Amino acid sequence: MSAAIKLLGHIGAVTRLSGRTFRVVFSRKFVDRSLLSAQMDHAGIGSWSIAVLTALFTGAVMAIQFADGLEPYGASLYTGKMVSLGIVRELGPTLTAVLVGGRVGAGFTAEIGSMNVTEQVDAISALGADPIEKLVAPRVMACIIMLPLLTLLADFVGCFGAMLVVMTDVGVTATFFIEQVLDTLVIADLLHGLAKATFFGYFIAIVGCYVGLNTRGGTEGVGRSTTDTVVAISITVLVSNFLLTKLFLSF
Amino acid sequence: MPDETIQPAPPEVVIQFKDVRKAFGPNVIYDPLNLTVHRGETLTVIGGSGKGKSVMLKMLIRLLQADSGSITAFGEEVTTMPEAKLLGLRRRIAMLFQGAALFDSLTVAQNIKYPLVEHKWGTREQMDQRVEEVLDMVGMPGIQHLKPSELSGGMKKRVGLARAIAIQPDVILYDEPTTGLDPINVRRINGLILRLQRRLNVTSIVVTHDMDSCFTVTDRIAFLYDRRMDWTGTKEEALATDFGPLREFVQGGRGTLEAEGTED
Ligand SMILES: Nc1ncnc2c1ncn2[C@@H]1O[C@H](COP(=O)(O)OP(=O)(O)O)[C@@H](O)[C@H]1O
Ligand SMILES: [Mg+2]
């Protein structure tokens, strides 16, 4: 019971933090491009290798499973259809968000959390600036921009991994696989996935920053917070994925 | 009649806490806080560790919000001040944080320029000039390009102080300026507080649990005890007090100074 109340308290606080962040983002004040590009660099460029590796092997292993599972029905040729749908709609956005989110969100928490316990966050306010503007807004914007891009990359690489497997195991040509994929996927599939990724990007950044800003108790506290963030982001991504999928498919 | 003209003007009140209450959940910090600070004085606040001295300073520049009561600075209410006006308040009241709170990712020069940039203080050349001036004032010229990680604890405090005075505040808040420093640095920082006091003619609130520092820099002492700040007086009064907890603190504080570890 008290855990539920605590959770509601956190959700309320994150909502308020979001409100303040978007007010900064949509006001003229948010002009510090250098802070934004530093965060985009960190969140996006620093994460592409994780996204690529995850997608490549997940695509490949799905292809193995589907090729094997469809074989008794003589439907192995359709592996490409199944796998590409699964990747573009679900696994691309979700796996990327969980893995990149763990890395990037934990980084945000560690960084902002150590600034908080050493009173650097207070110092930002005391010196006449706004911590939301300096710390939170650039990170939220960077993730909202970078997560869809990373997801797009993961979609391509995942399908590529699947293609390699299907070509060797099932023996189809690359052209056949690609035609099949293009035949199956409609633009809405891609857009659903990318829309979800946008939300995931926002969740990752806001949770990472929120936990960081509420870190107390010295270096030990920073360690605890960082672990909390990884768990919170994974759960948020998986649960919100369910809700967002329901929502998007109802249109 | 002529009597009245020789009477000294009552000291001008710069900061006033009135019936301020503050708690973090079940953890009651002030119940209540009453304190008045006059223009140009150095007030030292003493009290045990974790009792709420930093919380008091932070409520004054609204890094923390009081639960109830009134806090005024320069005659204006702080607790209900709109965001836009807070900037002006924080320009006039500067704070030296306990660990100096320098930004790790910026150089010394960028740290000191930070408030100047935020307050649109002047041109780039004027800011560079100002950085040089304040570094001179704290006795550390020519370290503009260093990163905080390259500085010792005492040096960090002095850069923190340089950053605090860069925008020429009217009030300086010192949060345990000498805690964790070795005796040489303690003396150096105390000397700086005194010198800045004379040179800049600012009002200062110094929070400390180090009695030696307290007696070196102070005009007036306020003693935080049992969630209140009921006792205030001069250092002579503090030494001669028959208020038990304060006596213990005054004597105990002097004793523990030597036992306290040093950082750098
Ligand atoms: N932001 C905060 N949230 C919750 N508790 C706090 C916060 N800031 C301070 N406290 C608590 O208030 C008490 C007083 O803290 P502080 O003012 O830092 O003590 P000190 O007198 O040593 O400076 C401590 O028990 C501390 O845990
Ligand atoms: Mg303190």
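**What about the sheet that holds strand β5 (residues 76-77) of chain B?**
All names here are of chain B.
Argument step 1. The strand order across the open sheet built from four strands is β2-β1-β4-β5, with neighbouring strands paired in antiparallel fashion. The strands lining the two open edges of the sheet, one partner per strand, are β2 (27-38) and β5.
Argument step 2. Two elements, strand β4 (residues 68-73) and β5, share two bridges in a ladder whose sense is antiparallel. Opposite threonine 72, over in β5, you have glutamate 77 as the bridge partner.
Argument step 3. Those strands touched by helix α2 (residues 53-60) are β1 (13-24), β2 and β4, and its axis lies near 60 degrees from that of β2.

**Details of the pairing of strand β6 (residues 93-96) of chain B**
Residues and elements named next belong to chain B.
Argument step 1. Here β6 shows two buried faces, one formed by Ile93 and Met95 and the other by Ala94 and Leu96.
Argument step 2. Bridging between β6 and strand β7 (residues 171-175) involves four bridges; their strand directions are parallel. Looking at the pairing, alanine 94 lines up with isoleucine 172 of β7.

**A look at the interface of chain B and chain A**
Argument step 1. Across the boundary between the two partners, chain B contributes 18 residues, which contact 13 residues of chain A.
Argument step 2. Summing the contributions of chain B and of chain A, the shared interface buries around 1,300 Å²; its carbon and sulfur component is 57%.
Argument step 3. At the boundary of chain B and chain A, one finds three salt bridges.
Argument step 4. Across the pair lysine 134 of chain A and glutamate 118 of chain B runs a salt bridge, and its minimum N-O distance is 2.9 Å.
Argument step 5. The tally of links between chain B and chain A comes to five residue pairs in polar contact (both at pLDDT 80 or more).
Argument step 6. For the side of chain B that touches chain A, the secondary-structure elements that each account for two or more residues are α3 (83-92) and α4 (108-118) of chain B.

**Describing unusual backbone geometry**
Argument step 1. For the bond running from aspartate 31 of chain B to proline 32 of chain B, omega is -10 degrees, close enough to zero to count as cis.
Argument step 2. With respect to the helices, strands and loops of the structure, proline 32 of chain B is situated in strand β2.
Argument step 3. Positive phi, normally seen in glycine, also occurs at glutamate 119 of chain A, with a value near 65 degrees.
Argument step 4. Among the structural elements, glutamate 119 of chain A can be located in the loop between α4 (79-117) and α5 (120-126).

**Quick notes on the packing of α4 of chain A against helix α7 (residues 174-184) of chain A**
Residue and element names in this part refer to chain A.
Argument step 1. The contact between α4 and α7 brings their axes to 8 Å, and the two run at 55 degrees. By the criterion of interaxial angle, the relationship of α4 to α7 is oblique. Of the two possible hands of crossing, α4 and α7 adopt the one that is right-handed. The segment α4 lies against α7, with Gly80, Lys81, Ser84 and Leu85 engaging Phe177, Gln180, Val181, Asp183 and Thr184.

**Considerations on α7 of chain A**
Residues and elements named next belong to chain A.
Argument step 1. Every buried residue of α7 is listed here: Phe177, Gln180, Val181 and Thr184. Buried residues of α7, seen end-on, are gathered within an arc of 95 degrees and therefore sit on one face of the element. Seen from the buried face of α7, the exposed residues on the opposite side, beyond 90 degrees, are Thr175, Glu179, Leu182 and Asp183.

**Looking at a nonpolar patch on the surface**
Argument step 1. Where nonpolar side chains cluster on the molecular surface, the patch consists of Val231, Ile235, Val239, Phe242 and Leu243 of chain A and spans about 490 Å² of accessible area.
Argument step 2. Among the secondary structure elements, valine 239 of chain A is positioned in helix α9 (residues 218-249).

**Section: the side chain of arginine 90 of chain B**
Argument step 1. Mapped onto the elements of the fold, arginine 90 of chain B is located in helix α3.
Argument step 2. Comment: no salt bridge for buried arginine 90 of chain B; closest opposite-charge side chain is glutamate 83 of chain B, at 5.7 Å.
Argument step 3. Setting aside anything within four residues of it in sequence, one finds arginine 90 of chain B in contact with Ser125 and Ala126 of chain A together with Ile61, Arg62, Leu63, His119 and Ile167 of chain B.

**Looking at the packing of aromatic side chains**
Argument step 1. For the structure on display, the rule yields eight aromatic pairs over all chains.
Argument step 2. Ring plane angle 10 degrees and centroid distance 5.8 Å describe the contact between phenylalanine 223 of chain B and tyrosine 225 of chain B, whose orientation is recorded as stacked.
Argument step 3. For phenylalanine 223 of chain B, a relative accessible area of 3% puts it in the buried group.
Argument step 4. Both rings, one in tyrosine 225 of chain B and one in phenylalanine 243 of chain B, keep their centres 6.0 Å apart while their planes meet at 85 degrees; by these two values the pair is edge-to-face. With a gap of 18 residues between them, tyrosine 225 of chain B in strand β9 (residues 220-225) and phenylalanine 243 of chain B in the loop between α9 (235-239) and α10 (244-259) connect regions that are remote in the sequence.
Argument step 5. Among the aromatic residues, ring-to-ring pairing joins Phe22, Phe26, Tyr202 and Phe203 of chain A into one connected group.

About the thresholds
- Residues numbered from 1 in each chain as written.
- Chains lettered and ligands numbered in written order.
- Predicted model: local features only at pLDDT ≥ 70, side-chain atom pairs only at ≥ 80, totals over all residues.
- Heavy atoms only, no water.
- Pairing = 2+ DSSP bridges.
- Helix = DSSP H or I, 4+ residues; strand = E, 2+ residues; numbered from the N terminus.
- Contact = heavy atoms within 4.5 Å.
- Axes fitted to C-alpha atoms, helices over the stretch in contact; angles between N-to-C directions.
- Buried < 20%, exposed > 50% of the residue type's maximum accessible area, 1.4 Å probe, protein only.
- Buried area = accessible area lost by both parts, 1.4 Å probe.
- Salt bridge = Lys/Arg side-chain N within 4 Å of Asp/Glu carboxyl O.
- Polar contact = N/O pair within 3.5 Å; in protein donor to acceptor, adjacent residues only side chain to side chain.
- Parallel < 35°, antiparallel > 145°, perpendicular 65-115°, else oblique.
- Left-handed = near helix turned anticlockwise from the far one by under 90°.
- Arc of directions from axis to C-beta.
- Patch = residues over 30% accessible without salt bridge, like charges linked within 9 Å, V, L, I, M, F, W, Y side chains within 5 Å.
- Areas by Shrake-Rupley, 256 points an atom, 1.4 Å probe, with all protein chains shown as cover.
- Lys, Arg positive; Asp, Glu negative; His and termini not counted.
- Phe/Tyr/Trp six-rings, centres within 6.5 Å; stacked < 30°, edge-to-face > 60°.

By themselves, these observations are geometric and do not establish any function.
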